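One letter stands for each residue in the lines below.
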Amino acid sequence: MNQQPGMQPQQQNIMPEPPEVITSKDHLYISDMLSWNLLAMKKAHAFAAQCQDQQISQALDEAGRMHHMHYQMLLAHFDKQNQSQNSSQLQ
């Protein structure tokens, strides 16, 4: 990696936990991720049902389950956010 003189390499800030507040840009990105995972899950399931090779069918089912798990994780994060926002509004 070539650096120009006087330039520092970019450091990645890794968040140990998601932020308490989701911006509108974050919300749109997470909505896109939900859509992508849902579509990938549906496609993997459909292709697995059409596949003749049992090993490939199982691999597609496994991929579909992975995308379903990611979808559920994102939904759980939204539910957590909604609950914390609702409780803060009630106070």
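Since this is a predicted model, take the numbers as computed values, not measurements. (Residues numbered from 1 in each chain as written. Predicted model: local features only at pLDDT ≥ 70, side-chain atom pairs only at ≥ 80, totals over all residues. Heavy atoms only, no water.)

**So, the environment of Glu 62**
Stage number 1. Here Glu 62 is to be found in helix α2 (residues 54-90).
Stage number 2. Residue Glu 62 is classed as exposed on the basis of its relative accessible area of 52%.
Stage number 3. On a C-alpha basis, the gap between Glu 62 and Met 41 in space is 9.6 Å, while along the polypeptide they are 21 residues apart. (Helix = DSSP H or I, 4+ residues; strand = E, 2+ residues; numbered from the N terminus. Buried < 20%, exposed > 50% of the residue type's maximum accessible area, 1.4 Å probe, protein only.)

**Some thoughts on the nonpolar core**
Stage number 1. By size, the foremost hydrophobic cluster in this structure holds 7 residues: Ile 22, Ile 30, Met 33, Leu 34, Tyr 71, Leu 74 and Phe 78.
Stage number 2. Setting aside residues no more than four positions away along its own chain, Ile 30 makes contact with Ile 22, Leu 74, His 77 and Phe 78. (Core = buried A, V, L, I, M, F, W, Y, C linked by side-chain atoms within 4.5 Å. Contact = heavy atoms within 4.5 Å.)

**Description of the packing of aromatic side chains**
Stage number 1. Summed over the entire model, instances satisfying the criterion amount to 1 aromatic pair.
Stage number 2. For the ring pair Tyr 29 and Trp 36, a centre distance of 6.1 Å and an interplane angle of 80° mean the geometry is edge-to-face. (Phe/Tyr/Trp six-rings, centres within 6.5 Å; stacked < 30°, edge-to-face > 60°.)

**Overview of the layout of surface pockets**
To find leftover empty space, a probe the size of one water molecule is rolled over the atoms.
Stage number 1. As a volume, the largest pocket reaches approximately 250 Å³.
Stage number 2. Lining of the largest pocket is provided by Met 15, Glu 17, Pro 18, Pro 19, Ile 22, Asp 26, Tyr 29, Ile 30, Met 33, Leu 74 and His 77.
Stage number 3. Counting only elements with at least two residues in the lining of the largest pocket, the list comes to α1 (24-50) and α2.
Stage number 4. In terms of residue class, the lining of the largest pocket is built from 8 nonpolar, 1 polar and 2 charged. (1 Å grid on protein atoms, 1.4 Å probe; cavity = no way out; pocket = protein on both sides within 12 Å on 5 of 7 lines; lining within 4 Å. Points joined across faces, edges and corners; volume = space filled by probe spheres on them. Nonpolar A, V, L, I, M, F, W, Y, C, P; charged D, E, K, R; others polar.)

**Some details on α1**
Stage number 1. For α1, which comprises 27 residues, the first-to-last C-alpha distance of 39 Å matches the rise-based estimate of 39 Å (1.5 Å per residue) to within 8%.
Stage number 2. Along α1, the positions that sit buried rather than exposed are Ile 30, Met 33, Leu 34, Asn 37, Met 41, Ala 44 and Ala 48. (Expected span 1.5 Å × (residues − 1).)

**Notes on a nonpolar patch on the surface**
Stage number 1. Residues Met 66, Met 69 and Met 73 make up a contiguous nonpolar surface patch of roughly 300 Å² in combined accessible area.
Stage number 2. Tracing the backbone shows Met 73 in helix α2. (Patch = residues over 30% accessible without salt bridge, like charges linked within 9 Å, V, L, I, M, F, W, Y side chains within 5 Å. Areas by Shrake-Rupley, 256 points an atom, 1.4 Å probe, with all protein chains shown as cover. Salt bridge = Lys/Arg side-chain N within 4 Å of Asp/Glu carboxyl O.)

**Digging into the environment of Leu 75**
Stage number 1. Along the chain, the position of Leu 75 falls in helix α2.
Stage number 2. The exposure class assigned to Leu 75 is partly exposed, which follows from its relative accessible area of 29%.
Stage number 3. Taking the C-alpha atoms as reference points, Leu 75 and Ile 30, 45 residues apart in sequence, are found 9.3 Å from one another.

**Looking at the side chain of Ser 57**
Stage number 1. Within the fold, Ser 57 resides in helix α2.
Stage number 2. Take Ser 57: its relative accessible area is 10%, and that puts it in the buried class.

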